[in-house]
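As a plain string of letters, each chain reads:
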Amino acid sequence: MHDDDLPQVNLNLLVYLDTLLQERSVTKAAGRLGITQSAMSHNLRQLRDIFGDPLLVRGRGGMQPTPRAEELAIPLRQGLTALRRTLDGEPAFDPATSTRRFVLAAGDAVEMLLLPPLLEQLQKTGPSVDLDIVPFDSRRYAAQLETGEVDVAVSAFFPDAPALRMKKLRPESFVCVVREDHPCVGERLDAATWAKLPHVLVSPQGTGGPGVVDHALAKHGLERRVAVRIRYFLAAPMLVARTNLVLTVTRSLAEMFVESLPVRLVEPPLELPTFSVGIGWHERVANDPANRWIREQVAEALRS
């Protein structure tokens, strides 16, 4: 397509395509944009004619993008984001007066650690700034940062991605959590008992594959039983407080659990790796004043 061809194209269709690729449903996309389903279906037919590709086809769990649509998704989002910012004519960023809404990607464990000190800071440094917290998805976070859908990602593990910058900020280690009156656990925990106890495993991605505990036990010829597998950290200590389950989790989270529930901490009987929680952002916003400011706020909250 040449520049002379652009007047022949309804550029609103690009907004419709962006929404369709996000929602992967004609009905949901139509509802989000406030148009009828039949109108959205008509828009999709026009888009298919323009690109000479089906773009979205029916598959398991709804409509799936074609390879051509996947190629379009990121540059399309980048272009629309840049256009919106141009039309908004954003003034110089002043956190004291800004009403901007920042989007952070983080798991629920990070949310529990990060948000209380971060919100306390923002009351002083950016009282009218708002936050949206979306789940950290290791498969999508790089694209979300690249397109501007997410401003900053916060995680312990960032899969490699081009143009991503990251900074490690908060060192962490693992500890075991059991109920206060656990009948099988005293002040110390030996490896054999640790393996025999029923475990609760938090697997945010739902895969539940072998983790640090499994690898440590395997080195000693031991294997644990995962009695309960869940996706969110908030429920885990509540299960531990009322059962004989054992939870192995980061020390920072475990200390929060002890403050509000009848549970106690026990050192793991085997050596487990340490790691750091950090922040990730795209290099295109490395010098953007607003993004730099929110990164500094998140970094300070993590250090605290």
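Quick caveat: nothing in here was measured; it's all calculated off a predicted structure. (Residues numbered from 1 in each chain as written. Predicted model: local features only at pLDDT ≥ 70, side-chain atom pairs only at ≥ 80, totals over all residues. Heavy atoms only, no water.)

Novice: Now, about the overall build of the protein: what can you tell me, with residues and values included?
Specialist: Helices and strands together make up the secondary structure of the protein, namely eleven helices and twelve strands. With the C-alpha coordinates aligned to their principal axes, the bounding extent of the protein is approximately 75 × 50 × 35 Å. Considering the protein as a whole, with its 304 residues, one finds that 43% of them fall into the buried category. Restricting the contact set of the protein to residue pairs at least 6 apart, pairs at least 24 apart contribute 73%. Carbon and sulfur atoms provide 51% of the accessible area of the protein, an area that totals close to 16,900 Å². Within the protein, one finds 35 positive and 37 negative side-chain charges whose respective centroids are separated by 5 Å. (Helix = DSSP H or I, 4+ residues; strand = E, 2+ residues; numbered from the N terminus. Buried < 20%, exposed > 50% of the residue type's maximum accessible area, 1.4 Å probe, protein only. Contact = heavy atoms within 4.5 Å. Areas by Shrake-Rupley, 256 points an atom, 1.4 Å probe, with all protein chains shown as cover. Lys, Arg positive; Asp, Glu negative; His and termini not counted. Charge placed at Lys NZ, Arg CZ, Asp CG, Glu CD.)

Novice: Describe the sheet that holds strand β6 (residues 164-172), listing the residues and the values that go with them.
Specialist: Within the open sheet, the five strands sit side by side as β4-β3-β5-β12-β6. Their pairing is mixed. Each edge of the open sheet carries a strand with a single partner, namely β4 (130-134) and β6. Across the sheet, the axes of successive neighbouring strands diverge by a mean angle of 25°, strand direction being ignored. Across five bridges, the pairing between strand β3 (residues 101-106) and β4 is parallel. Bridge pairing links A105 to V134 in β4. Set on the sheet, helix α5 (residues 108-125) makes contact with β3, β4, β5 (152-155) and β6; between it and β4 the angle comes to about 175°. (Pairing = 2+ DSSP bridges. Axes fitted to C-alpha atoms, helices over the stretch in contact; angles between N-to-C directions.)

Novice: Describe the side chain of S252, listing the residues and the values that go with them.
Specialist: Mapping S252 onto the fold places it in helix α10 (residues 251-260). Owing to a relative accessible area of 13%, S252 belongs among the buried residues under this scheme.

Novice: Got a sec to walk through the packing of helix α1 (residues 12-23) against helix α3 (residues 37-51)? Specific residues and values, please.
Specialist: Viewed as axis vectors pointing N to C, α1 and α3 meet at an angle of 105°, and their least axial separation amounts to 10 Å. The orientation of α1 relative to α3 falls into the category roughly perpendicular. Taking contact as the criterion, the partners of L13, L14, Y16, L17 and L20 in α1 are, on α3, M40, N43, L44, Q46, L47, I50 and F51. Split by residue class, the contact of α1 with α3 holds ten nonpolar, two polar and no charged. (Parallel < 35°, antiparallel > 145°, perpendicular 65-115°, else oblique. Nonpolar A, V, L, I, M, F, W, Y, C, P; charged D, E, K, R; others polar.)

Novice: Go over the sheet that holds strand β10 (residues 247-250), please, and point to the residues and values.
Specialist: Taken together, the three strands give an open sheet; going across it, the order is β10-β7-β11, and neighbouring strands pair in antiparallel fashion. Pairing within the sheet leaves two strands with one partner each, and these edge strands are β10 and β11 (263-266). The sheet shows a mean angle of 40° between the axes of neighbouring strands, direction not considered. Lying over the sheet, α10 contacts β7 (174-179), β10 and β11, oriented at roughly 115° with respect to β10.

Novice: Account for the environment of L21, with residues named and values stated.
Specialist: Assignment of secondary structure puts L21 in helix α1. Counting along the chain gives 35 residues from L21 to L56, while the straight-line C-alpha distance between them is 7.9 Å. Those residues within four positions of L21 in sequence are excluded, and the remaining contacts are L56, P65, A69, A73 and L76.

Novice: Give a detailed account of the pattern of salt bridges, specifying residues and quantitative values.
Specialist: Enumeration according to the criterion identifies 14 salt bridges in this entry. Between R77 and D18 there is a salt bridge, with its nearest N and O atoms 3.1 Å apart. Of this pair, R77 sits in helix α4 (residues 67-88) while D18 sits in helix α1, and the two are 59 residues apart along the sequence. A relative accessible area of 9% means that R77 is categorised as buried. Between R139 and D137 there is a salt bridge, with its nearest N and O atoms 3.1 Å apart. Take D137: its relative accessible area is 15%, and that puts it in the buried class. (Salt bridge = Lys/Arg side-chain N within 4 Å of Asp/Glu carboxyl O.)

Novice: Tell me about the nonpolar core, and name the residues and values.
Specialist: Counting residues in hydrophobic clusters, the biggest one holds 42 residues, and the most contacted among them are L118, V154, W194 and V298. Among the elements that make up this core, the one with the highest residue count is helix α11 (residues 289-303) (seven residues). (Core = buried A, V, L, I, M, F, W, Y, C linked by side-chain atoms within 4.5 Å.)

Novice: Quick rundown of α5? Include the residues and the values.
Specialist: Since the α-helix turns once every 3.6 residues, residues separated by three or four places project in the same direction. Its 18 residues give α5 an end-to-end C-alpha distance of 24 Å, which sits within 8% of 26 Å, the value for a rise of 1.5 Å per residue. The sharpest bend along α5 comes to roughly 40°, located at L114, with the proline P116 sitting one to four residues further on. Residues D108, A109, V110, M112, L113, L114, L115, P117, L118, Q121 and L122 constitute the buried set of α5. Elements in contact with the buried residues of α5: β3, β4, β5, β6, α10 and α11. (Expected span 1.5 Å × (residues − 1). Bend = angle between axes of the 7 residues up to and from the residue.)

Novice: Summarise the layout of surface pockets; cite the residues concerned and give the values.
Specialist: Approximately 1,300 Å³ is the volume attributed to the largest pocket. Lining the largest pocket are 45 residues, with F157, V202, S203, P204 and F233 positioned closest to its centre. At the level of elements, α5, β5, β8 (198-202), α8 (212-218), β10 and β12 (275-282) are the ones that each hand at least two residues to the lining of the largest pocket. Broken down by class, the residue content of the lining of the largest pocket amounts to 26 nonpolar, twelve polar and seven charged. (1 Å grid on protein atoms, 1.4 Å probe; cavity = no way out; pocket = protein on both sides within 12 Å on 5 of 7 lines; lining within 4 Å. Points joined across faces, edges and corners; volume = space filled by probe spheres on them.)

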